[in-house]
Amino acid sequence: MLFSRPSGSGSPHFLLSLLLLAAWETGRGQLRYSVPEEAKHGTFVGRIAQDLGLELAELVPRLFRVASKGRGDLLEVNLQNGILFVNSRIDREELCGRSAECSVHLEVIVDGPLQVFHVEVEVRDINDNPPTFSVMEQKISISESRLLDSRFPLEGASDADVGENAMLTYKLSSNEYFILDIINKKDKGKFPVLVLRKLLDREENPQLKLILTAMDGGKPELTGSISLLILVLDVNDNAPVFDKSIYEVKMYENQANQTSVIRLNASDMDEGMNKEIVYSFSFLVPPIIRRKFLINERTGEIRINDAIDFEDSNIYEIHVDATDKGNPPMVGHCTVLVEILDENDNPPEVVVTSLSLPVKENAQVGTVIALISVSDHDSGANGQVTCSLTPQVPFKLVSTFKNYYSLVLDSILDRESISDYELVVTARDGGSPSLSATASVSVEVADVNDNAPVFAQPEYTVFVKENNPPGSHIFTVSARDADAQENARVSYSLVERRVGERALSSYVSVHAESGRVFALQPLDHEELELLQFQVSARDAGVPALGSNVTLQVFVLDENDNAPTLLGAPAGGAVSELVSRSVGAGHVVAKVRAVDADSGYNAWLSYELQPPAGGVQSLFRVGLYTGEISMARALDEADAPRQRLLVLVKDHGEPALTATTTVLVSLVDNGQTPKASSRVLSGGAGPETALMDVNVYLIIAICAVSSLLVLTLVLYTALRCSTSPATAGACGLGKPTLVCSSAVGSLSYSQQRRQKVCSGEVPPKTDLMAFSPSLTPCPVADVGVEEQSNGGDQPGKVGHCVFIFCICFMNNYFCQCIFFETMSLFPKESIRIFNRRKPGYPPTRRKRHSFRALKTVSIHIVKII
């Protein structure tokens with residue numbers, strides 16, 4: 001503490017003094033200053049900005065402000081120089097009353113970031129209040145018969161100051177009858193008493209005038225005085241006497257009315273009427289005590305008459321007179337000190353200020369949300385307050401000063417889990433039972449863009465019929481964003497890529513807001529079976545977040561292609577020469593046709609139009625083979641030229657057809673047919689090989705049947721003698737895919753190449769026959785290996801021969817079952833042959849089944 005004394009002569013005031021205690025505790029800061037009361041406006045208190053470590057230039061931008069409870073205009077800060085000064089008159093007695101310590105608590109708040117500093121300014125007492133008495137003159141009636149050393153209590157003076165400035169001493173004016181005695185009351189200062197040192201004689205001095213002076217301990221010393229008028233009474237010479245001159249009573253506050261406080265007892269040595277005593281409050285008792293207490297004039301019992309509150313006053317000083325009925329009456333005096341004990345009858349008070357809302361969900365741990373102050377009017381343990389917060393919330397209370405807390409963020413927030421918090425701050429005192437108070441704090445969590453849009457599933461499968469109208473809606477994608485407002489507004493777009501030679505955007509488009517996917521042009525199954533692409537969903541946050549979903553669009557076939565006849569001359573008929581000697585069942589010609597569609601739409605059947613007039617036809621046509629054969633043997637009556645009209649029809653709905661005319665010329669046995677034109681000649685190439693598949697199969701059946709047993713024995717012996725490296729080449733492994741060949745008109749699938757634009761997924765084959773004990777070794781590759789090795793490796797040859805046997809048997813039995821089923825129940829056979837797979841189009845299953853049958857047949861032919 002620094003003191004400076006006035007330099008000018010005759011100045012009645014001290015210069016300013018400054019107390020600075022810069023003690024920063026862990027997690028909080030506090031400054032202490034000191035200033036005397038009654039300081040003038042503008043008196044320097046301290047350089048608060050410098051002591052807090054703040055730059056003068058940042059006071060205004062950071063909204064430097066000072067707040068205090070109660071009167072907030074006593075002290076002010078100059079934002080230009082950061083000096084704390086006295087703004088208005090500070091009267092310690094008005095501010096703190098009789099309290100020994102008097103301080104002004106300030107809260108210094110700055111923003112960016114939010115910081116709170118606690119400043120305590122002690123108001124020092126100066127001796128500016130002289131001792132005062134409640135009255136100017138006090139009359140005391142004293143009988144002349146009073147004995148020496150009789151004591152007469154006097155009203156003490158009071159001093160509004162504290163400490164040394166309120167320590168009073170008394171002095172009595174010079175006289176020969178009385179002296180002044182001082183009684184030190186417990187914690188209540190000094191109590192003046194007149195003591196009779198010389199007997200009174202009313203005839204000599206019927207009254208005496210004395211001056212009682214009270215002096216305080218301040219420098220300079222201040223005084224106050226009261227006039228004492230001593231009235232000397234005659235006659236009754238024994239006054240009532242109490243058992244004690246001072247009674248001390250302790251009682252709890254909030255006692256009910258009419259509760260007994262104490263029963264006083266006084267006695268009088270006189271007789272008769274002079275002995276009868278009447279109790280009453282002394283004239284020294286102030287009106288407030290008279291309202292709160294009653295005294296029974298006969299029994300001397302004091303009772304409560306009004307509410308007793310410790311917070312109003314914790315002690316009551318009651319002066320009681322006991323007056324006899326003599327003439328003149330004699331009076332005895334005593335003092336009752338009633339000490340009020342505190343009860344826990346005041347709940348704490350909670351005040352929430354400086355809310356920083358809303359709080360962003362990405363706010364750092366330790367961010368200050370609000371400032372909280374608590375208080376309790378009780379004392380001792382009843383006034384000690386602890387503060388707590390609603391459990392299991394991502395916030396906590398941090399004590400910054402006595403009864404001051406900061407509400408700070410304790411863990412990471414997630415608005416998508418909890419968007420707002422209703423916090424309850426509970427303040428509980430230390431009384432028994434304890435009392436509590438609560439304050440609610442609503443904390444709203446502001447959204448940040450931390451969640452990308454999410455689709456319900458990562459991939460969608462869509463089936464669309466071909467030849468759809470341009471701009472038709474085929475699907476709707478939808479993504480959900482857990483964020484809010486702009487961060488949750490989702491827009492959709494295509495992930496552009498190339499589909500063959502064209503851009504994806506030429507096929508489909510997606511609406512940016514609704515997610516509706518549209519086909520921009522008619523889709524053609526024959527051109528594009530599968531269109532696989534991705535749709536992106538992005539939100540409107542900053543930065544934007546997004547995710548993708550995959551759409552697999554399967555283009556379903558429709559019957560939009562009529563059968564096409566192979567090898568038929570444009571606009572003409574096909575001529576065939578047939579000998580008249582052929583019998584029934586002789587194959588005359590074969591009609592070949594293909595259909596660009598797939599599945600049922602490409603499954604062709606052949607019909608022979610009946611001749612006009614209802615005449616039975618000489619010929620018949622295979623329903624599914626297209627082979628025209630003799631229905632009966634020829635005779636002389638049959639016309640030499642027969643005109644046949646063959647109708648080729650698919651199984652679509654509605655069915656599409658094509659027709660061709662076959663002209664059959666009947667010749668005698670001596671005439672040899674030089675050439676015949678068949679409808680589906682196809683030229684020398686893959687089609688010629690396919691026409692001879694059945695011949696090769698018959699040869700294979702005969703050859704393999706005779707060598708089957710020998711091959712199995714040879715293979716077993718070779719396997720047993722093979723080295724580990726050779727044995728591992730074709731050991732146990734995954735099942736081998738073996739498929740049967742296509743027959744009849746179902747060979748359409750080899751006439752064109754199917755194009756699947758998925759970007760990632762390879763073609764699938766539906767019809768599979770698994771060999772449980774063989775490693776997948778492609779049959780075509782085995783044949784090549786045999787030719788290259790020239791028989792030098794018998795183990796591999798035996799292995800390949802065994803594979804051939806198994807493939808042949810599988811192929812043979814599959815064809816037998818297939819032919820029998822197709823001939824008896826054509827449609828039912830196709831349904832059984834092509835079993836359903838979830839999400840796999842039936843048209844593709846049929847086509848790949850027939851492809852597999854044909855492929856295996858070609859492999860067997862190559863091996864043979």
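Just so you know, the residues in each chain are numbered from 1, in the order the chain's sequence is written. For this predicted model, a pLDDT threshold of at least 70 governs which residues receive local features, and a threshold of 80 or more governs which side-chain atom pairs are given and counted, while totals over whole chains, interfaces and linings are taken from all residues. Heavy atoms throughout the structure, all of them, feed into the side-chain values; hydrogens and water do not.

### Side note on the environment of Ala239
Line of reasoning, step 1. For helices the rule is a DSSP run of H or I covering at least 4 residues; for strands it is a run of E covering at least 2, with both sets numbered from the N terminus onward. Relative to the helices and strands, Ala239 resides in the loop between β15 (223-233) and β16 (241-242).
Line of reasoning, step 2. Separated by 83 residues in sequence, Ala239 and Ala322 place their C-alpha atoms 8.4 Å apart.
Line of reasoning, step 3. Those residues in contact with Ala239 that lie beyond four places of it in its chain are Arg146, Ser267, Asp268, Asp324, Met330 and Val331. Only heavy atoms matter for contacts: two residues are in contact if any of them lie within 4.5 Å across the pair.

### Some thoughts on the nonpolar core
Generally speaking, nonpolar side chains in soluble globular proteins are found buried as a group.
Line of reasoning, step 1. In this structure, Tyr492, Val508, Leu531, Phe533, Val535 and Leu551 are the most contacted members of the largest nonpolar core, which totals 28 residues.
Line of reasoning, step 2. Put simply, the parts of the chain that give this core at least two residues each are β34 (459-465), β35 (472-476), β37 (490-494), β40 (508-510), β41 (516-519), β42 (530-539) and β43 (546-556).
Line of reasoning, step 3. In this structure, Phe533 is in contact with Leu494, Arg497, Leu504, Val508, Val517, Val549, Thr550, Leu551 and Val553, ignoring residues within four places of it in sequence.
Line of reasoning, step 4. Here, the term nonpolar core denotes a set of buried Ala, Val, Leu, Ile, Met, Phe, Trp, Tyr and Cys residues that are joined through side-chain atoms within 4.5 Å. Three labels apply to residues, based on accessible area from a 1.4 Å probe with only protein chains included: buried if under 20% of the type maximum, exposed if over 50%, partly exposed otherwise in between. Listed in part, the 27 residues of the second largest apolar core include Ala266, Phe281, Ile289 and Val336.

### Side note on the packing of aromatic side chains
Line of reasoning, step 1. Aromatic contacts are taken between Phe, Tyr and Trp rings whose centres are within 6.5 Å, Trp giving its six-membered ring; a plane angle under 30 degrees counts as stacked, one over 60 as edge-to-face, and the others as tilted. For the coordinates displayed, the defined rule picks out nine aromatic pairs.
Line of reasoning, step 2. Taking the centre distance of 5.4 Å and the plane angle of 70 degrees together, the rings of Phe293 and Tyr316 count as edge-to-face. Here the residue Phe293 occupies a position in strand β21 (residues 293-295), and Tyr316 occupies one in strand β23 (residues 315-324), the gap between them amounting to 23 residues.
Line of reasoning, step 3. When the ring of Tyr600 is compared with that of Trp603, the centres are 6.1 Å apart and the planes differ by 55 degrees; the resulting orientation is tilted.
Line of reasoning, step 4. Its relative accessible area of 24% is what places Tyr600 among the partly exposed residues.
Line of reasoning, step 5. Its relative accessible area of 2% is what places Trp603 among the buried residues.
Line of reasoning, step 6. Any Lys NZ or Arg CZ found within 6 Å of a ring centre and within 35 degrees of that ring's normal is scored as a charge over the ring. Residue placement shows Arg502 over the ring face of Tyr507; its charged tip is 4.6 Å from the ring centre.

### Observations concerning the pairing of strand β6 (residues 83-86)
Line of reasoning, step 1. Both faces of β6 are covered, namely the face carrying Ile83 and Phe85 and the face carrying Leu84 and Val86.
Line of reasoning, step 2. When DSSP finds two or more bridges between two strands, those strands count as paired. Sheet topology places strand β3 (residues 44-46) next to β6; two bridges connect them, and they run antiparallel. What sits directly across from Phe44, in β6, is Phe85.
Line of reasoning, step 3. With four bridges connecting them, strand β5 (residues 75-78) and β6 associate as antiparallel partners. Among the inter-strand pairings, Glu76 is bridged to a residue of β6, identified as Phe85.
Line of reasoning, step 4. With antiparallel pairing between neighbouring strands as the criterion, β5 and β6 make up a hairpin whose turn holds four residues, including Gly82 at a positive phi of roughly 70 degrees.

### Considering the side chain of Asp638
Line of reasoning, step 1. Checked against the element boundaries, Asp638 lands in the loop between β50 (627-630) and β51 (641-649).
Line of reasoning, step 2. Asp638 sits in the buried class, given a relative accessible area of 9%.
Line of reasoning, step 3. Counting of polar contacts relies on pairs of N or O atoms within 3.5 Å, with two restrictions inside protein: one atom must be capable of donating a hydrogen and the other of accepting it, and residues adjacent in sequence are counted only when both atoms are side-chain atoms. Polar side-chain contacts of Asp638 include one of 3.0 Å to the side chain of Arg632.
Line of reasoning, step 4. A distance of 3.0 Å separates a polar side-chain atom of Asp638 from the backbone nitrogen of Asp635.
Line of reasoning, step 5. Here Asp638 is in contact with Arg580, Leu618, Arg632, Ala633 and Leu666, once residues within four sequence places are set aside.

### Digging into the pattern of salt bridges
Line of reasoning, step 1. The working definition used for a salt bridge is a side-chain nitrogen of Lys or Arg within 4 Å of a carboxyl oxygen of Asp or Glu. Under the definition given, this model contains 18 salt bridges.
Line of reasoning, step 2. Residue Arg632 pairs with Asp635 through a salt bridge whose shortest N-O separation is 3.7 Å.
Line of reasoning, step 3. Relative accessible area serves as the criterion here: at 26%, Arg632 is assigned to the partly exposed category.
Line of reasoning, step 4. Each of the salt bridges in this network shares a partner with another, and the network as a whole consists of Arg263, Glu301 and Arg303.

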